[in-house]
Every structure is written in structure tokens, then in C-alpha cells.
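# Topology and contacts: notes
So the chains spell out like this:
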Amino acid sequence: MAQPKYTRLDQRRSSSSYCSTVTFVVFVALCLVGVWMMTSSSITPEQNSEVSQDSKSGVPEVEKTNEVTDNNESNQFEDRPGDLPDDAAKGDVDSKQGENNTTDTEDNTKVPNGELKTEDESQSETDGEKNTADGSEENSRQGETNTDNGDGNNTEGRESGEENNKEKSESDESEKERESGEDEKKPEDSNEKTTEEKRDSQDKGDTETEGKLDQIENNNGTEETSWEKPEDGLTTDNSTDVFPAGAQAELLNETTTLNSTWKTQDSESKNEKDAQTTSDSKQQNSFSWKLCNTTAGPDYIPCLDNLEAIRNLKTTKHYEHRERHCPAEGPTCLVPPPEGYKRPVEWPKSREKIWYSNVPHTKLAELKGHQNWVKVSGEYLTFPGGGTQFKQGATHYIEFIEQCVPDIAWGKRSRVVLDIGCGVASFGGFLFDKDVITMSVAPKDEHEAQVQFALERGIPAISGVMGTTRLPFPGRVFDIVHCSRCRVPWHIEGGKLLLELNRLLRPGGFFVWSATPVYQKLDEDIEIWDAMTKLMKSMCWDMVSKQKDPVNKVGVATFRKPTSNECYNKRSQKEPSICLKSDDPNAAWYVPLQSCMHELPVEVSERGSQWPENWPARLEKTPYWLSSSQVGVYGKPAPEDFTADYEHWKHVVSKSYLNGVGISWSNVRNVMDMRSVYGGFAAALKDMDIWVMNVVPIDSPDTLPIIYERGLFGIYHDWCESFSTYPRSYDLLHADHLFSKLKTRCNITAVVAEVDRILRPEGKLIVRDNVETINQLEAFVKSLQWEVRLTFSKDKEGLLCVQKSKWRPTAVETLQYAV
């Protein structure tokens, strides 16, 4: 009896143990599945979450390669999925890694593309993962304890565990749906941008890299993020580079002794700058542009067409009405184009013909057509290359001058020329064939649009007049000054105007004068010739040649400025007098003319005591008068600073500008560097068929003499005023850390309107500045409906490349002082 009873009890206990074991295994499996689901979801979506948070915050933690979106509220550059490396973009790989080891990412504080998380973000996510793991282990231990308590308790444990898993699964699924929604939006935006970029690239025929400087194609045909820092801070040769790395980056910091440094600009009055940026941003987003209604119409030059100021002049005897009279506040309206405006004819064809619709003026053709200045030929204005003094063409005239004075040596000894009263600038236009650059100057007068003709042809020129103030150039910089029947009364009032040329002419330089007094025998001509030769002798200028051209039937007289003060000291009459030593010959911004001569430099270390190297060696040659004891603009000894600047711009131009910013350089001829230092940007473009107007702002270190010394040219200017040029003059404007310096002293809206005025439709603007300024300018150009071709930021510095559109507003603003 005992045996059967014992057997039944044994069987009952065996069955209960077996069920408990099965239940325990199933429960543990469910727990493992739950743990796997929680840990895998905390790994894969975590990357998307981080990218999303960075995008929303608008504050990149490290260097990023991004484009600014059209959202006005976004001040920084958003990440795009296409910029991530392969291992970061492939979520399925991370999921598989999560199956094998769910704790691999617990100590990882990096996000895709090498971007670092903040300490708070990293700590928060690490704590969350630890809590998840701890909760899973606690549930597992609780399930094992409940199993030992019998069938009833085991059932309750299973239900409790399943309920907890269900709640966690629902939470994970909800989180996945939210993150999935965010992820789905990004590819759409990316696709839209890509489509627009492709369409713009096809329409404009520019390079394939427009708007995509953040990615390049290396020699193997694979894409890589171009702005990731290589090892040792060096940039590889096969990458496009906007900002230099390593030692070259030091060029971006100017010394406080000469000019405010970038670091100082970033730290001084930070709260005030932030407030201004916010205020300006609000103004830009709501700003409504209007067309300028002026008497000058499409040819409006604010500082030369201030009719109210001109009407109030007491006298115009000294051409005061042709000088600059800027309005109290720069205009913020936009100049309309002439009807039927077209993209200009490309150089060199533009030297011979331009579109009539772009400069629809025929007065010069009517007055000077017989002298081969300009003629109307259907829809073109043509330029046979002649002038009043060289009807048979400028080339013959140029060669005749060199035959008369072989020491001129065009393109070797003589490189930089000033042409006064240039007409349509054919003289300067054909000197390009001799490797000579010419600064052509003529007033905006009854000779309708002569400077505008020159610029439309692709020839350097500015609107200016020999009046009451000095021309905006430093002293002793031009190799040759030329006047071909320029109608300037050089001899009157003690020769004040000719003495201005003496200030500008380099010691040993030539003055080439071809006018009727040189070869005609009329009473007036003889009188002028006698007065001029007497004046030049008192200035110690030697006449080295006076000959008449048998072809053009005109005479050319050439005079040479002395190289020492010996002649000055031997004069019996000290007229003109020697200027006071306190008179700076380089001072030229609204400085009145003086009837005196500056002493010539005698020390070998002084600028002007030696003639520069022949062209093109002088371009790269460090000026002999730059001393190692001088501190350069960027803080190094001046000679090292000069060399480093040149290397810097050669690197930027070759690695970035020529290939990486989407510019079709065949459409570029007239270029302006709005804030030159040593002229390195222009020097780096020397092998291209372009010319560069180097502008040295009046509040910057005076480096313009260095620019001339190396065979380039430029001008002083204050960008709080308008530039002395016609609208639509330049194909490309380049501004290196200019706008951030202007914001504290100028109406930045007026500066942007001036940029719009002098830039041609479809012209390009390249700006390098701090990120805050780049964002502000981007808002401005978008309000002008310009196309943003590229944006880039690195170490709080930014690059912006935009293309001006043909858009003009319909609203009109009448400028009372200009009508």
C-alpha cells in the first residue's frame, strides 16, 4: 500500500518540477528578448536623435561641413545625411553590433562624422543605458525568485513580467515612430536641395561642384568629407580647401598694434555685437527693397550725382562739380538696369565691341566717331582702338612711345600706368598686350559714359577728376603717367595739378604727354608749351624725348622725374617749394592739393630710393624697404608676413576658388578685392585673363604702396560711402573680413546696396568673415533674391559665395538730393 502511494506522489512532484522549468525558460527568454529590444533601440535611434538635436540647437560642437538652409531662424549649418561616413550612415550595421554586444556604445561620446557630444548629453545617455540594464537585471532576478514560490506565484510573476515588457515595447515603438518621422523628413529636404542644385548647374553651365564645396572627389573617384581635419593639421593636396590649416591659419589673426585682431573682434563688446546681430537680422527679414528714382537713372553714382550738393557749390572753377559729394547717408535703394540689359560680351572680344543696350549712349559716337573712339554698329557699340591722338590704333601709338624712349620697356621696367583723361580707355586696353596694367581716370562729364564704356569693355577705370583734392592713390607708385590730349590745364596756379602727378610718379618714372602744344604752332599752343616746359624745369623734370609720329601726325613729349634731391637743392628759385616734412605724400583721402614737391628718398632702405624688379619678378619679390624690425599686419616680421600672405592666397585660390566654389571663370574679367592687405589675392590670380582692383579701406593698415611695388594697382576707399564707379562694373567682388569691421561704423544695409550697385547681374560675391557676419549677409542677399551658391564654416569663421540675380523690386524710392 505504501509503495503505490509513494509512486503517485513522486509522479505529481515530477510533473510540477517539469512545468516550473519550462515556465522559467520561457520567462527568461522573454526577458532576454525584452532586454535585447531595449538595448538595440537605445543604440540605433540614438544617432538619429543626436543629429536631430544638433540640427535643432543650431550650435555645432565641432567643425562641420554644412549648408545654411532657407529657414531664417537657422543661424548655423545643418548636417546632411550625405555628409556622414559610411559606418555612421548604415544603421543596420549598428543594430547587428547591438545584438552581439549591447554595451559597446556606453562609453562612446562621439556621434557620426567625428562630432563630439557635450558632456551633459553624454552623461545623460550613459545614465539612461545603465538604468535600462539595471532594470533588466532586477526583473530577471525577480522572475527567478517568483518561480521558486509555487505555481500561483509563478503565474503572477509571468503576468507581471509580460506586462512590464509590453509597456516598454510600446514606449520603444512610440519613440521609434517619432524618430522615424524626423528621419523621413531629412531625405526629402536633401533631395529637394539636390534637385535644385542640379537644375541650377544645368541652367548656368557652371562647374559640377556649385554649392557643394563640402564634398570633393579624390583621385580614386571616391567621395570624402573635404573639411575633416587631416592628421597633424595638414591639408592633403587632393582636397579643395577654403581655410588654410597649420601654420597658414595664423594669417587669419591680425595684430592689435596695426589693426584689430580676429580674436579681439570676437571678444570686444560681445553683448553689443549680439544685440546688433539680432536687431539687424530682424530688419533684414522684414526689409523691403525699392528702386532708386534719380535723374541719373541706370547710371546713378551716389557720390557723383548728388545734385543738391552740386547746386549749392559756390564755384565750379576747379571742377568741384565733378568731385565727390556723398549724401549724408548712403542710399539703401537699388539702381535699375537699362532696358534690355544683357550679360556683357566676354574678354577679349569685349575690347572691340559691347552691347549697345548695356550702355545706351551715342553722344561719344556722334562726337568722336571720326576719330575711331566708338561707333554704333547695329546692336553693338564698336571700338576700333583709336583715340584723338592715335586715330590709326592704340597699338601703333604704344609702340611708337617705346621707340622714342626705349627705357620705358613696356611690361618689364614699366608695369603700372596712370592714364589721365582716358576717354574710352583704349590706351589701357591695348597695354594689356604688353603685360602692363593701367589705372584709367576720367570725370563723369559731358563726354557721356566714357568710364562706363571702359568698364563694360573689361578695362580698368574709375570716375575721377583733377580738381581740388588729391587722387586716392599713395605717393611715388606709378611707373608712368600718361596724358593724351586730356584737356587738363597743368600749368595754371603754379602748376598745382602737375605737382599732383609729381606726387604720384615714382622717382625715375616718366610723364608721357601727347597734346596739341607738343606739335602745333598755334598761339595758344605755343603759350602753353612755354609755360609747361618752364614749370617742368623748375620741378627738375628732364625732357628725354619730343618726336612727331609720321603715321598719326601727332607729337609725343616724354619727361622724367629725378631720382635724387640734388637738382632741387641747386635751383636758384625755390619754386615750387619743398613740402614740409610733416606732409605725408601717402595721405590722399579728401586731402587738398598742395603747391609743393615732396623730397625724394635718399636712404637705401626708404621706399622709392630704388626701382622695383622688372616684371614679373617684382610680383613675388619682397619689397626691399620692408624691414624685419617692422611688424606685419598679421604679427610676423614684415618680410615673413608678406611671404606668408602670398603663400596663403595661392593655396586658397588654387585649392578652392578656381575649382571649388562653382565659378565659371571664363565669365569673369573685372574683379575687385574690397579689402586687400598685401595684394596676395590678386597676385594669386596673375595667370588668369583678369584684372583686380585692390581696395585698401581708409581704416586699415596702409599697405597700398606694397601692392603697387609688386606690379599691381589699387585705391583707397571708405566703404561707408559709394565707390567712384558706374553701376554694374564688376564681375566678381571679394571681401575678406570687411563686413564685420564695417558693422560698427557704417549702415550695413547701405553697404549691401552699394555691393548690389557695382556688381553685374549674375556676378559673384565671395565673403570670408566670422560666422555671425556670414549669417547676417546671407539673410541680406536672400532678401535680394540672390542665389546662395555655397556656405561653409570652420572654427567660427565662415565663407559665403553668392550670385547676384536679375531681380529688381517694383516699389520706387525717390532720392530728393539726386533729382
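I will try to describe carefully the structure that is included in this document. (Residues numbered from 1 in each chain as written. Predicted model: local features only at pLDDT ≥ 70, side-chain atom pairs only at ≥ 80, totals over all residues. Heavy atoms only, no water.)

## Thoughts on the side chain of Lys 444
Relative to the helices and strands, Lys 444 resides in the loop between β10 (437–442) and α13 (450–457). Contact partners of Lys 444, with chain neighbours within four places excluded, come to Ala 296, Asp 299, Ile 301, Leu 304, Asp 305, Arg 322 and Tyr 726. (Helix = DSSP H or I, 4+ residues; strand = E, 2+ residues; numbered from the N terminus. Contact = heavy atoms within 4.5 Å.)

## Some points on the sheet that holds β10
Read from one edge of the open sheet, seven strands run β11-β10-β9-β12-β13-β15-β14, paired in mixed fashion. Both edges of this open sheet fall to β11 (461–463) and β14 (542–548), since each of them pairs with a single strand only. Taken over all neighbouring pairs, the strand axes of this sheet differ in orientation by 20 degrees on average, direction set aside. Note: strand β9 (residues 416–420) against β10, five bridges, orientation parallel. The residue of β10 that forms the bridge with Val 416 is Ile 437. Here α13 sits on the sheet and contacts β10 and β11; the angle it forms with β11, its principal contact strand, is near 155 degrees. (Pairing = 2+ DSSP bridges. Axes fitted to C-alpha atoms, helices over the stretch in contact; angles between N-to-C directions.)

## Observations concerning the nonpolar core
By size, the foremost hydrophobic cluster in this structure holds 122 residues, and its most contacted members are Phe 473, Trp 490, Phe 511 and Trp 513. Counting residues per element, this core draws most heavily on helix α23 (residues 748–758), at six residues. Not counting chain neighbours up to four residues away, the residues in contact with Phe 473 comprise Leu 418, Met 439, Val 441, Ile 462, Phe 478, Arg 503, Leu 504, Ala 588, Tyr 708, Gly 714, Ile 715 and Tyr 716. Formed by 19 residues, the second largest nonpolar core is a distinct cluster that contains Ile 401, Val 405, Phe 427 and Ile 480. (Core = buried A, V, L, I, M, F, W, Y, C linked by side-chain atoms within 4.5 Å. Buried < 20%, exposed > 50% of the residue type's maximum accessible area, 1.4 Å probe, protein only.)

## A short note on the pairing of strand β23 (residues 787–794)
Side-chain positions along a regular strand alternate between the two faces of the sheet. With seven of eight residues buried, β23 is to be regarded as a mostly interior element. Taken together, the seven bridges between β23 and strand β24 (residues 797–803) define a ladder with antiparallel strand orientation. Note on β24: the bridge partner recorded for Ser 793 is Gly 798. Linking β23 back to β24 in an antiparallel pair, the connection comprises two residues, with Asp 795 at a positive phi of about 50 degrees.

## Describing the packing of aromatic side chains
Applying the stated criterion across every chain, the model contains 21 aromatic pairs. Ring centres of Tyr 397 and Phe 427 lie 5.9 Å apart, and the angle between their planes is 70 degrees; this geometry places the pair in the edge-to-face category. Of this pair, Tyr 397 sits in helix α11 (residues 394–404) while Phe 427 sits in helix α12 (residues 426–431); the two residues are 30 residues apart in sequence, bridging distant segments of the chain. Take Tyr 397: its relative accessible area is 0%, and that puts it in the buried class. Cluster of aromatic residues (ring-pair linked, three or more members): Phe 390, Tyr 397, Trp 410 and Phe 427. A cation over a ring is seen here: Lys 650 above Tyr 646, with NZ or CZ 4.5 Å from the ring centre. (Phe/Tyr/Trp six-rings, centres within 6.5 Å; stacked < 30°, edge-to-face > 60°. Lys NZ or Arg CZ within 6 Å of the ring centre and 35° of its normal.)

## Focus on a negative patch on the surface
A cluster of acidic side chains, namely Asp 523, Glu 524, Glu 527 and Asp 530, defines a negative patch on the protein surface. Looking at the element boundaries, Asp 530 is found in helix α16 (residues 523–538). The class for Asp 530 is partly exposed, based on a relative accessible area of 44%. (Patch = residues over 30% accessible without salt bridge, like charges linked within 9 Å, V, L, I, M, F, W, Y side chains within 5 Å. Areas by Shrake-Rupley, 256 points an atom, 1.4 Å probe, with all protein chains shown as cover. Salt bridge = Lys/Arg side-chain N within 4 Å of Asp/Glu carboxyl O. Lys, Arg positive; Asp, Glu negative; His and termini not counted. Charge placed at Lys NZ, Arg CZ, Asp CG, Glu CD.)

## Some thoughts on the pairing of strand β19 (residues 691–697)
With respect to burial, β19 is a largely interior element, seven of its seven residues being buried. Of the two faces of β19, the one holding Trp 691, Met 693, Val 695 and Pro 697 and the one holding Val 692, Asn 694 and Val 696 are both buried throughout. Where strand β18 (residues 670–673) and β19 come together, four bridges link them in parallel fashion. Bridged to Val 671 within β19 is Val 692. Bridge count for β19 against strand β20 (residues 714–717) is four bridges, and the pairing is parallel. Paired with Pro 697 across the strands is His 717, a residue of β20.

## Structural notes on the side chain of Asp 305
The residue Asp 305 is located in the loop between β5 (291–293) and α9 (307–311) in this model. Assessed through its relative accessible area of 10%, Asp 305 is described here as buried.

## With respect to α23
In terms of burial, α23 is a largely internal element, eleven of the eleven residues being buried. Looking at α23, one finds that the buried residues are Ile 748, Thr 749, Ala 750, Val 751, Val 752, Ala 753, Glu 754, Val 755, Asp 756, Arg 757 and Ile 758. For α23, the N-terminal cap is Asn 747; the gap from its side-chain oxygen to the backbone nitrogen of Thr 749 is 3.1 Å. (Polar contact = N/O pair within 3.5 Å; in protein donor to acceptor, adjacent residues only side chain to side chain.)

## Brief notes about the sheet that holds strand β8 (residues 380–382)
Pairing in this open sheet of three strands is antiparallel, and the strands run β6-β8-β7 from one edge to the other. Taken across any chain shown, the strands that pair with only one partner, and hence form the sheet edges, are β6 (353–355) and β7 (375–377). In this sheet, adjacent strand axes meet at a mean angle of 30 degrees when their direction is disregarded. Here three bridges tie β7 to β8, and the two strands are oriented antiparallel to one another. What sits directly across from Ser 377, in β8, is Tyr 380.

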